[in-house]
Amino acid sequence: MSAVKFPSLNEQMDVIKRGVVEIIPEDELVKKIEKSLKTSKPLNIKLGCDPSRPDLHIGHSVVIRKLAQFQELGHKAILIIGDFTGMIGDPSGKSSERNALDEETLNHYVSCLKGQLSQFLKFDGTESNSAELVNNYDWMKEFSFLEFIREV
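Presented here is a report on the structure given in the accompanying data block.

Observations concerning the overall build of the chain
Turning to step 1, where the next piece is worked out: Within the chain, the regular secondary structure consists of seven helices and three strands.
Turning to step 2, where the next piece is worked out: The N-to-C order of helical and strand elements in the chain reads α-α-β-α-β-α-α-β-α-α.
Turning to step 3, where the next piece is worked out: In terms of its C-alpha atoms, the chain occupies a principal-axis envelope of roughly 50 × 35 × 35 Å.
Turning to step 4, where the next piece is worked out: When the 152 residues of the chain are sorted by exposure, 36% land in the buried category.
Turning to step 5, where the next piece is worked out: For the chain, the share of sequence-separated contacts (at least 6 apart) that also reach a separation of at least 24 residues comes to 70%.
Turning to step 6, where the next piece is worked out: Total accessible area on the chain stands at roughly 10,000 Å², and carbon and sulfur atoms take up 53% of it.
Turning to step 7, where the next piece is worked out: Measuring between centres, the 19 positive side-chain charges of the chain sit 6 Å from its 23 negative side-chain charges.

A short note on the pattern of salt bridges
Two side chains of opposite charge can pair, provided their charged atoms sit close to one another.
Turning to step 1, where the next piece is worked out: This structure, assessed with the given rule, holds five salt bridges.
Turning to step 2, where the next piece is worked out: For the salt bridge of Arg-65 with Glu-72, the shortest nitrogen-to-oxygen distance reads 3.3 Å.
Turning to step 3, where the next piece is worked out: The exposure class assigned to Arg-65 is partly exposed, which follows from its relative accessible area of 40%.
Turning to step 4, where the next piece is worked out: Between Lys-76 and Glu-132 there is a salt bridge, with the nearest N and O atoms lying 3.7 Å from each other. Separated by 56 residues along the polypeptide, Lys-76 in strand S2 (residues 76–81) and Glu-132 in strand S3 (residues 132–135) bring together distant segments of the chain.
Turning to step 5, where the next piece is worked out: Residue Lys-76 is classed as buried on the basis of its relative accessible area of 17%.
Turning to step 6, where the next piece is worked out: Since its relative accessible area comes to 32%, Glu-132 is described here as partly exposed.

Things to note about the side chain of Ser-130
Turning to step 1, where the next piece is worked out: With respect to the element layout, Ser-130 can be found in the loop between helix H5 (103–117) and S3.
Turning to step 2, where the next piece is worked out: Polar contacts involving the side chain of Ser-130 include one to the main-chain amide nitrogen of Asp-124, which spans 3.4 Å.

Some words on helix H1 (residues 9–17)
Turning to step 1, where the next piece is worked out: Here H1 has its buried residues at Leu-9, Gln-12, Met-13, Val-15 and Ile-16. Along the long axis of H1, the arc covered by the buried residues comes to 160°, so they all point the same way. H1 presents Asn-10 and Asp-14 as exposed residues on the side facing more than 90 degrees away from its buried surface.
Turning to step 2, where the next piece is worked out: Contacts from the buried residues of H1 go to helix H2 (26–39) and helix H3 (61–72).
Turning to step 3, where the next piece is worked out: Following H1 by one or two positions, Gly-19 has its phi on the positive side, about 80°.

Some remarks on unusual backbone geometry
Turning to step 1, where the next piece is worked out: Of the consecutive residues Ile-24 and Pro-25, the connecting peptide bond is found in the cis state with omega at -20°.
Turning to step 2, where the next piece is worked out: With respect to the element layout, Pro-25 can be found in the loop between H1 and H2.

Observations regarding the sheet that holds strand S1 (residues 44–49)
Turning to step 1, where the next piece is worked out: On the basis of which strands lie adjacent, the open sheet formed by three strands has the order S1-S2-S3 and parallel pairing. The open sheet has two free edges, formed respectively by S1 and S3, since each of these has just one partner strand. Strand after strand, the sheet turns through a mean of 25° between neighbouring axes, direction not considered.
Turning to step 2, where the next piece is worked out: Relative to S3, S2 is paired through four bridges, and the arrangement is parallel. Looking at S3, one finds that Leu-79 is bridged to Leu-133.
Turning to step 3, where the next piece is worked out: Running over the sheet, H3 touches S1 and S2 and is turned about 155° from S1.

About the criteria used
- Residues numbered from 1 in each chain as written.
- Predicted model: local features only at pLDDT ≥ 70, side-chain atom pairs only at ≥ 80, totals over all residues.
- Heavy atoms only, no water.
- Helix = DSSP H or I, 4+ residues; strand = E, 2+ residues; numbered from the N terminus.
- Buried < 20%, exposed > 50% of the residue type's maximum accessible area, 1.4 Å probe, protein only.
- Contact = heavy atoms within 4.5 Å.
- Areas by Shrake-Rupley, 256 points an atom, 1.4 Å probe, with all protein chains shown as cover.
- Lys, Arg positive; Asp, Glu negative; His and termini not counted.
- Charge placed at Lys NZ, Arg CZ, Asp CG, Glu CD.
- Salt bridge = Lys/Arg side-chain N within 4 Å of Asp/Glu carboxyl O.
- Polar contact = N/O pair within 3.5 Å; in protein donor to acceptor, adjacent residues only side chain to side chain.
- Arc of directions from axis to C-beta.
- Pairing = 2+ DSSP bridges.
- Axes fitted to C-alpha atoms, helices over the stretch in contact; angles between N-to-C directions.

Put into structure tokens, the structure is as follows:
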């Protein structure tokens, strides 16, 4: 993997601010980008995705485009798929859109989402800023019910 060559702070902020009303807190983002420039280490930009459907919708477009812009600037896009919470669904029963899903359905939905996200993000694994897809089930599967309740 080659070393990341980042645009200047001003060039990065110009791209990041494009289409944005406000960055809260902007000074913290500037500090993080300055540190990234100094250390030549990309920022990890994370987005959580709900796998309750096999497709993206228009509401995803703003955050996915911004994630892609960060990646184009040399930073790492990390998509966190809520497959563990997808297996739980909406325990209150109030939402028919968040039904508990079985593992096979979840895997299918995650595959569909990754395919759609691949149109905007680079998942090729050859660059240090290649997008990464992680599943929260991988973090949660070892928890016992008691540990989970204590954490929540």
